[in-house]
Amino acid sequence: MRRTLVIATLLVAVAAGVVWFTQAQPTPSVPAVPPEEVARRWAQVERWAQTERPLGLAPLAQVVPRGGPAIPIALEPAARWVGTPPQVAEALPSDIAQQIDGLLAWGAAPTYAGLCGGGEVDLVAVVDRLRVALAAADATQVDRAKAVLQTGRALGARGGWLHAAMALAVVESTAQWAAARGVPAWPALRAAVPTPRDFARAAAQEALCAADLVRSLPKAEQASLAAGVARSRVIAHEQVGRLQGVDTFEALRAATEPGPEGTQPEEILGHTLMVNQAAHLARFERTARKVTALLAQTPTGG
């Protein structure tokens, strides 16, 4: 919960910084680009994102409201895999169980609304409930695990780095469940191993998220920031374009290395794409290794 509050605070800080970043003077590394060319490049970024708007997960706020019931200590991460599924299920409060059912129902037919990363949803609480659902499922409840995986993938289908991180966590937990229960990995689970292409798509979606922050401002402020937004879109196109067609994580590390000190763009889209990009890439690569190793432990025949 505390980590979620920190993340929300950072997102507010980024939103507050939109004005500062977009009012920055043009940098020598970002020459003026005609409006029609800016529009063309931005349209390419939107295609790279492979998603639709709206990007937010606001509907989940009705399923897992902030400040809702806490998961019992006995079901905290360090302890939940110690007990057997019946013990976990027995310890699960009815209100938490209802939230889990609501999450899985959403994952079967996801709807989106609001700004991505807008703070409406406690994503850490959402993922924690999905992990508890796995812990309460035995080897005969593969359909339950499949529903958890589908819901986790839906979390990352629209949104930026934060949504991608939550989706990766669910993929890893599902692979852990399959290995622990001796269940063969099914096709969707094998397909969920993160790839460099997934990282590139998340970077493009992060650019869309940053653009939505600007679009959430009053119209008068948007007009005053038009020049900064145009520069930002040119930078986003450059940053995301570097990632396209890269087929290994090693090559991605080279593609995401920052330039010489003092040359990094200060506009909002370029800034948010650059901040901690190495950490995001490391998370993708680490999850890919872990999930691959876990799937190797599952029986064949899935």
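Shown above is the structure to which this text applies.
Positions within a chain are numbered from 1, following the residues in the order the chain's sequence is written. Predicted model: local features are reported for residues with pLDDT of at least 70 only, side-chain atom pairs are reported and counted for 80 or more only, and whole-chain, interface and lining totals are derived from all residues. Excluding hydrogens and water, the side-chain figures rest on all heavy atoms present in the structure.

## What about the packing of aromatic side chains?
What counts here: Pairing of aromatic rings covers Phe, Tyr and Trp, the last through its six-membered ring, and needs centres within 6.5 Å; plane angles under 30 degrees mean stacked, over 60 mean edge-to-face, and all others mean tilted. Each helix is a run of H or I in the DSSP string that is no shorter than four residues. Each strand is a run of E no shorter than two, and both are numbered from the N terminus. Exposure classes here rest on a 1.4 Å probe applied to the protein chains alone. A residue is buried below 20% of its type maximum, exposed above 50%, and partly exposed in between.
Tallying each qualifying case throughout the model produces four aromatic pairs. Taking the centre distance of 5.4 Å and the plane angle of 85° together, the rings of F199 and F284 count as edge-to-face. In this pair, F199 is assigned in helix α11 (residues 196-215) and F284 in helix α16 (residues 277-296), connecting sequence segments 85 residues apart. Note on accessibility: F199 and F284 belong to one class, buried.

## Considerations on the state of the cysteines
In plain terms, the rule: Here, a disulfide means two cysteine sulfur atoms that sit within 2.5 Å of each other.
In the structure shown here, the tally under the stated rule is one disulfide. Between C116 and C209 runs a disulfide, and the two sulfur atoms are separated by 1.8 Å. A residue pair is termed long-range when its members are at least 10 positions apart, and C116 in the loop between α6 (94-108) and α7 (123-135) and C209 in helix α11 qualify at 93 residues. Taking relative accessible area as the criterion, C116 reaches 7% and is therefore assigned buried. The buried category is assigned to C209, whose relative accessible area is 7%.

## Comments concerning the pattern of salt bridges
To be explicit about the condition: When a carboxyl oxygen of Asp or Glu lies within 4 Å of a side-chain nitrogen of Lys or Arg, that pair is called a salt bridge.
Counted according to the given criterion, the structure contains eleven salt bridges. Where R242 meets E238, a salt bridge forms, and the shortest distance between an N and an O atom there is 3.1 Å. Across the pair R253 and E285 runs a salt bridge whose closest N-O atoms are separated by 2.7 Å. Placement of R253 in helix α14 (residues 249-255) and of E285 in helix α16 is noted, with a sequence separation of 32 residues between them. Classification of E285 by relative accessible area gives buried; the value is 17%.

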